[in-house]
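Listed below, chain by chain, are the residues.
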Amino acid sequence: MNERLKVFIETYGCQMNVSDTELVFSILTNNNIEISDSIDDADIIIFNTCSVRQHAEERVIGRINNEMSRKSRKQDLKIGVIGCMAQRLGEKLIERNKGIDFVVGTDQYRKLPEIITNLFVNPQFKKNIIINNKEMYDGLYPIHKGNFNAFATIMRGCNNFCSYCIVPYVRGRERSRDYRDIIKEVEELGKKNFKEITLLGQNVNSYNYKGLNFAELLKRVNRISSIERIRFVTSHPKDLSKEVIAIMKDSAKICEHIHLPVQSGDNKILKKMNRGYTVEHYSALVDSLRKALPGISITTDIITGFPGESEKQFQNTLDLMTKIEFDYAFTFKYSPRSGTEAANYNNQIPEEERLARLQKLISLQEKITLKKYKDQIGKIKEIYVEKVSKKSKLELSGKSRDYKITVFPGDESLIGKFVNVLITEATGWTLKGKLFDEQVKPKQHNKLCK
Ligand code: 5AD
Ligand code: SF4
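Small disclaimer: the values here were computed from a predicted structure and weren't measured. (Residues numbered from 1 in each chain as written. Chains lettered and ligands numbered in written order. Predicted model: local features only at pLDDT ≥ 70, side-chain atom pairs only at ≥ 80, totals over all residues. Heavy atoms only, no water.)

The next subject is the sheet that holds strand E16 (residues 328-333). Across the sheet, 3 strands lie side by side as E14-E15-E16; this open sheet has parallel pairing. One side of each edge strand has no neighbouring strand; the edge strands of this open sheet are strand E14 (257-259) and E16. The mean angle between the axes of side-by-side strands here comes to 15°, regardless of whether they run parallel or antiparallel. Examined bridge by bridge, strand E15 (residues 297-304) and E16 share 6 bridges and lie parallel to one another. Residue pairing for E16: Asp301 is matched across the bridge by Phe330. (Pairing = 2+ DSSP bridges. Helix = DSSP H or I, 4+ residues; strand = E, 2+ residues; numbered from the N terminus. Axes fitted to C-alpha atoms, helices over the stretch in contact; angles between N-to-C directions.)

The following block contains the structure:
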């Protein structure tokens, strides 16, 4: 083939998958394969998939089946599956869906160019590689597709084996990336005008590269002059240290937001989940965070209907939500994942009950979120302007340091800038306001810059 092959990637699931897609962009581009922004132009469609819940898998299978009809219109079209579902199901995916040409697991992305090229040389070629070889993708720097915010992966895999979770099985053991590579990547991002970066890992608080821990990494990233805002996900309550909270307080660029999944408000359920902390420990962490960073936004993940969860235990979760007042909660009904410990428990909660509890949780959180957002009215917030608002061309949209989407009237020329916005309204998950004065420098924040 003379023309360069074009690949379109559709990404599902968590930010780690978004980041992996950017890594795959880099692997493909380095090998003379083009990235296409349009599915219609692509020679190869790749689905980067998620296995965390059954529903996530069903959605992707539905999408893949939809796209199969393209094969009758475009004979040469190839379809591949990568990510957690590829890792989990491997060969079975190809057996169940003959239209899938290749399946590549999370640690084998370096092989993608070779596989893709072979597909076009040998029409019978089918490939499935899912071996886990503790890949760190050293020496590779992702191609970041966004504009102003970028993810930087600092670690891969997970060692926690929460009893409901498939991640440790599909992403393998936890390993931390060399901090020098992380710093280099973030410096490069800063030069490309990404002013906000999010450090990414399944459990960032246990980052450790040859003795250099997460607190030390944060200190170093905070010193990179071209970066204005630092975020990180995901924090695990059992590993979030006092040292990290102190650094969050002292580092001007670390934003006043933490995503701290609690999963349940009941100690017995937390134990069965193998989470390694109690409700009391979690509440004490929240107190320390709020003391160190007044006004910090705290978001969480919660699962309803974990096996054996009684009405009373569920009520404990509702009570904790009311007590903590999370700014936002990502809520999920428990989904049994084959191979995990909890999937074998014989006290599974019926689907309708899991759903009914989920709905209760959502409606309670909606009220709390609205209250928390209304509390912002009258405040002046620093907004990093990202784009023209979807709803009105005359309005801009961006995020506050405490991770709240904020919309206000303004000129497109402010995109990419930091502005002060006076909050006048709170609707649903969005704040509305008006420009308070011209551009501000983020360093005017009241935290010390170390
Ligand atoms: N069922 C429901 N939710 C789950 N999560 C992880 N595994 C499951 C499961 N089997 C949720 C957890 C986690 C988030 C990313 O997904 O809340 O924090
Ligand atoms: Fe899954 Fe627990 Fe690891 Fe998070 S910490 S990825 S919930 S096993």
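And the narrative resumes.
In the region of ligand 1, the neighbouring residues are Val52, Arg53, Tyr164, Gln263, Asp301, Ile303, Phe332, Lys333, Tyr334, Ser335 and Arg337. With the chains in place, 86% of the 400 Å² that ligand 1 exposes on its own is no longer accessible. Residue assignment for the shell around ligand 1 shows that the elements contributing at least two residues are E15 and E16. Split by residue class, the shell around ligand 1 holds 5 nonpolar, 2 polar and 4 charged. (Near = heavy atom within 4 Å. Areas by Shrake-Rupley, 256 points an atom, 1.4 Å probe, with all protein chains shown as cover. Nonpolar A, V, L, I, M, F, W, Y, C, P; charged D, E, K, R; others polar.)

Walk down a regular strand and you will see the side chains alternate between the two sheet faces. Of all 5 residues in strand E7 (residues 149-153), 4 are buried, a share of seventy percent or more. Both E7 and strand E10 (residues 196-200) contribute to a ladder of 5 bridges, which runs parallel. Considered in E10, the bridge of Asn149 is made with Glu196. (Buried < 20%, exposed > 50% of the residue type's maximum accessible area, 1.4 Å probe, protein only.)

For the structure on display, the rule yields 13 aromatic pairs. Ring geometry for Phe306 versus Tyr334: centroids 5.6 Å apart, planes at 70°, classification edge-to-face. Of this pair, Phe306 sits in the loop between E15 and helix H13 (311-324) while Tyr334 sits in the loop between E16 and helix H14 (351-374), and the two are 28 residues apart along the sequence. Here Phe306 matches Tyr334 in class, with each residue buried. (Phe/Tyr/Trp six-rings, centres within 6.5 Å; stacked < 30°, edge-to-face > 60°.)

Before going further, it helps to spend a moment on the sheet that holds strand E6 (residues 127-129). Strands in a sheet are paired, the pairing made by backbone hydrogen bonds, and the direction either parallel or antiparallel. If you trace the 6 strands from one edge of the open sheet to the other, you get E2-E1-E3-E4-E5-E6, paired in parallel fashion. Since the sheet does not close on itself, it has two edges, and those belong to strand E2 (34-35) and E6, each with one partner. By the bridge criterion, 2 bridges tie strand E1 (residues 6-11) to E2 in an arrangement that is parallel. Note on E2: the bridge partner recorded for Val7 is Ile35. Where helix H1 (residues 15-30) meets the sheet, it contacts E1, E2, strand E3 (44-49) and strand E4 (78-83), and its direction lies at approximately 170° from that of E1. (Contact = heavy atoms within 4.5 Å.)

In this structure, Leu199, Tyr207, Phe214 and Leu217 are the most contacted members of the largest nonpolar core, which totals 67 residues. At 6 residues, the largest contribution of residues to this core is made by helix H12 (residues 279-292). Within the second largest apolar cluster, 24 residues are counted, among which are Ile46, Val104, Tyr109 and Ile115. (Core = buried A, V, L, I, M, F, W, Y, C linked by side-chain atoms within 4.5 Å.)

According to the domain assignment, the chain consists of domain 1 (6-128), domain 2 (149-374) and domain 3 (380-435). In this structure, domain 1 and domain 2 have C-alpha centres spaced 29 Å apart. Among the residues of domain 1 in contact with domain 2, Gln15, Met16 and Arg53 are the three that bury the most area, contributing 36% of the side total. Counting every contact that joins domain 1 to domain 2 gives 4 salt bridges. Asp20 serves as the salt-bridge partner of Arg156, at 2.9 Å between the closest nitrogen and oxygen. Among the secondary structure elements, those contributing two or more residues to the side of domain 1 that touches domain 2 are H1, helix H2 (54-68) and helix H4 (84-89). Its residues assigned to classes, the side of domain 1 that touches domain 2 shows 5 nonpolar, 7 polar and 6 charged. (Domains from an automatic or database assignment. Buried area = accessible area lost by both parts, 1.4 Å probe. Salt bridge = Lys/Arg side-chain N within 4 Å of Asp/Glu carboxyl O.)

For the bond running from Val233 to Thr234, omega is 0°, close enough to zero to count as cis. One can find Thr234 in the loop between strand E13 (229-233) and helix H10 (242-250). Non-glycine residue Tyr137 carries a positive phi angle of around 55°. Although it is not a glycine, Asn274 sits at a positive phi angle of roughly 65°. For Asn274, a relative accessible area of 38% gives the class partly exposed.

This structure, assessed with the given rule, holds 1 cavity of 30 Å³ or more. Taken as a whole, the largest cavity holds about 120 Å³ of empty space. Lining the largest cavity we find 14 residues, and of these Leu23, Met136, Thr153, Arg156 and Arg177 sit closest to its centre. When residues of the lining of the largest cavity are traced back to their parent elements, those giving at least two are H1, E7 and strand E8 (155-156). Broken down by element, the residue count for the lining of the largest cavity peaks at 3 residues, all from H1. In the lining of the largest cavity, the residues fall into 8 nonpolar, 2 polar and 4 charged. Lining the lining of the largest cavity are residues from two domains, each supplying at least three of them: domain 1 (6-128) and domain 2 (149-374). (1 Å grid on protein atoms, 1.4 Å probe; cavity = no way out; pocket = protein on both sides within 12 Å on 5 of 7 lines; lining within 4 Å. Points joined across faces, edges and corners; volume = space filled by probe spheres on them.)

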